[in-house]
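Coordinates in review
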Amino acid sequence: MRHFQKIAEGIDVVPILNALAVHSDLWNENTLRTTHELSPHQQTDDIWCLFNAIPNDPSEVIDDCEVIPYRAWKEIPTLRTLVLDLMRRVEGIRLGRVLISRVPPGAQIPEHVDQGAPADYYVRYHLALKSEPGVINRSGGEDVCYGMGELWWFDNRVPHSVINNSADDRITLVMDVRPC
Amino acid sequence: MLTAHVENYTERFEELKSLYPAHWEELALNKKYVPLSPQYNVYLARDAAGEVLLVTLRSSGKLAGYFIGFVGPALHYSTCLTLTMDIFYVRPEFRNGSAGLKLFRAVESEARRRGVQRMFVGSKVHKDASSLFQRLGYEPVETFFSLWLGEPD
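Residues numbered from 1 in each chain as written. Chains lettered and ligands numbered in written order. Predicted model: local features only at pLDDT ≥ 70, side-chain atom pairs only at ≥ 80, totals over all residues. Heavy atoms only, no water.

**Focus: the overall build of chain B**
Quick reminder of the rule: We count a stretch as a helix when DSSP gives it H or I for four or more residues in a row; a strand needs E for two or more, and each element gets its number in order from the N terminus. Whether a residue is buried, partly exposed or exposed follows from its accessible area with a 1.4 Å probe, protein chains only, as a fraction of its type maximum: under 20%, in between, or over 50%, in that order. Contacts are assigned to residue pairs that have any heavy atoms within 4.5 Å of one another. The Shrake-Rupley method, run with a 1.4 Å probe sphere, supplies the accessible areas, and residue values consider only the shown protein chains as cover. We treat Lys and Arg as the positive residues and Asp and Glu as the negative residues; His and chain ends play no part in the count. Charged groups are reduced to one reference atom each: NZ for lysine, CZ for arginine, CG for aspartic acid, CD for glutamic acid.
Secondary structure summary: chain B contains 5 helices and 5 strands in total. Ordered by position in the sequence, the α and β elements of chain B form the string β-α-α-α-β-β-β-α-β-α. If one aligns the C-alpha atoms of chain B with their principal axes, the spans along those axes are about 50 × 40 × 35 Å. Across the 153 residues of chain B, 39% fall into the buried class. Long-range contacts, defined as pairs at least 24 residues apart, comprise 65% of the intrachain contacts of chain B with a sequence gap of at least 6. As displayed, chain B has an accessible area near 9,300 Å², and 54% of this comes from carbon and sulfur atoms. Of the side chains in chain B, 18 bear a positive and 17 a negative charge, and the two mean positions are spaced by 6 Å.

What follows is the structure, given as structure tokens:
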């Protein structure tokens, strides 16, 4: 595989899933990423943990590498611990966007290539919080079905997409990391 | 929605086994004398050696079909990386005309990704899938015959 690399497995994600169940009001507090006209993520739900401050002209976000904490970052301590542990694992020196993405059963993220300065500056990791057989994560023509608790690097600079043809949500913690 | 997935045989081992009885019932030969009894240890060993190619069909996560084949240099042609089909099956309720195409297009795609140069597939005469393979552009190249010789003395 050239567009996916498993970094770790067996990560205990149940505390995060528990927090998401308790704090279900966090979903879709911020919808810029999932509702803008050209977004490939229109069928998905977001929780922003670290994300850009939204300027008066939201289109400026695309080239902004600086992030600020949002409510989930403050209210789910176990999330911070996990993300910082993963930073050590991948030898990151700077965190970019950190968000939780939910793709409902039957939903898709159509093929796209991530654009803008953050995509150039950071590399992208996915921690699978919930993923069942039937999910296709596709990048560069390669397919992977993440297992729950697996951390993957994936290539977001080539055409990539998601199809959730499983019977449950596909939930991933999305992390942008600047490597050493 | 019906989708094709390249999956790991060992990870999906138990789930695959759940479809084998229906597959055997519909397609096996000499069923009265030859029960379903796969050599699972051989499959698992070959998977551990990286030789098994599994593609599944799924609908809302549920297994709707599968293709299992073996990848390796051909015995007579060591320079030719070959995919040889072992079995394929699609549950009857999903045989709507496109399931087989989806399955075998995904098989071809994964085989190409793995550097396979030639693949061999086939179907039972009493459940002929020739039209599927012809639609995919495959050439008929060989015919197999079988003779039941009975139990040993």
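**Here's the deal with the packing of aromatic side chains**
Test applied: Under the pairing criterion, centres of Phe, Tyr and Trp rings, with the six-membered ring standing for Trp, must be within 6.5 Å; the plane angle then separates stacked pairs below 30 degrees from edge-to-face pairs above 60, leaving the rest tilted. Two conditions define a charge located above a ring, namely a distance within 6 Å from the ring centre to NZ of Lys or CZ of Arg, and an angle within 35 degrees of the ring normal.
If you walk through the whole model with that rule in mind, you get 20 aromatic pairs over all chains. A ring pair is formed by Tyr121(A) and Tyr122(A), whose centres lie 4.8 Å apart and whose planes are at 90°; its orientation type is edge-to-face. The partly exposed category is assigned to Tyr121(A), whose relative accessible area is 26%. On the numbers, 5.9 Å between centres and 5° between planes, the contact of Phe133(B) with Tyr138(B) is stacked. In terms of burial, Phe133(B) and Tyr138(B) fall into one category: buried. Aromatic ring contacts, followed pair by pair, group Tyr9(B), Phe13(B), Tyr20(B), Tyr40(B), Tyr43(B), Tyr66(B), Phe70(B) and Tyr89(B) into a single cluster. Over the face of the ring belonging to Tyr121(A) we find Arg178(A), whose NZ or CZ atom lies 4.2 Å from the ring centre. Over the face of the ring belonging to Tyr77(B) we find Arg118(B), whose NZ or CZ atom lies 5.5 Å from the ring centre.

**Structural notes on the interface of chain B and chain A**
This is how the line gets drawn: The working definition used for a salt bridge is a side-chain nitrogen of Lys or Arg within 4 Å of a carboxyl oxygen of Asp or Glu. Amino acids outside the nonpolar list (Ala, Val, Leu, Ile, Met, Phe, Trp, Tyr, Cys, Pro) and the charged list (Asp, Glu, Lys, Arg) are all regarded as polar, and Gly is one of them.
At the junction of the two partners, chain B supplies 12 residues and chain A supplies 14 residues. Scanning the region where chain B abuts chain A turns up 0 salt bridges. Where the side of chain B that touches chain A is concerned, the elements lending two or more residues are β1 (2-7) and β2 (52-59) of chain B. If you tally residues by element for the side of chain B that touches chain A, the top one is β1(B), at 5 residues. Here the residues of the side of chain B that touches chain A are counted per class, giving 3 nonpolar, 5 polar and 4 charged.

**A short note on the nonpolar core**
To keep it simple, the criterion reads: Nonpolar cores were defined as sets of buried Ala, Val, Leu, Ile, Met, Phe, Trp, Tyr and Cys residues, with membership established by side-chain atoms within 4.5 Å.
Residues Leu20(A), Ile100(A) and Leu129(A) are the most contacted members of the largest nonpolar core, which totals 33 residues. At the level of elements, α1 (14-22), β2 (45-51), α3 (71-75), α4 (77-89), β4 (92-103), β6 (123-130) and β11 (170-179) of chain A are the ones that each hand at least two residues to this core. Looking at this core element by element, the count peaks at 5 residues for α4(A). Apart from residues lying up to four places away in sequence, Ile100(A) is in contact with Leu20(A), Trp27(A), Asp45(A), Asp46(A), Ile47(A), Cys49(A), Leu79(A), Leu129(A), Ile171(A), Thr172(A) and Leu173(A). By size, the runner-up hydrophobic cluster in this structure holds 26 residues, among which are Ala64(B), Phe67(B), Phe88(B) and Leu101(B).

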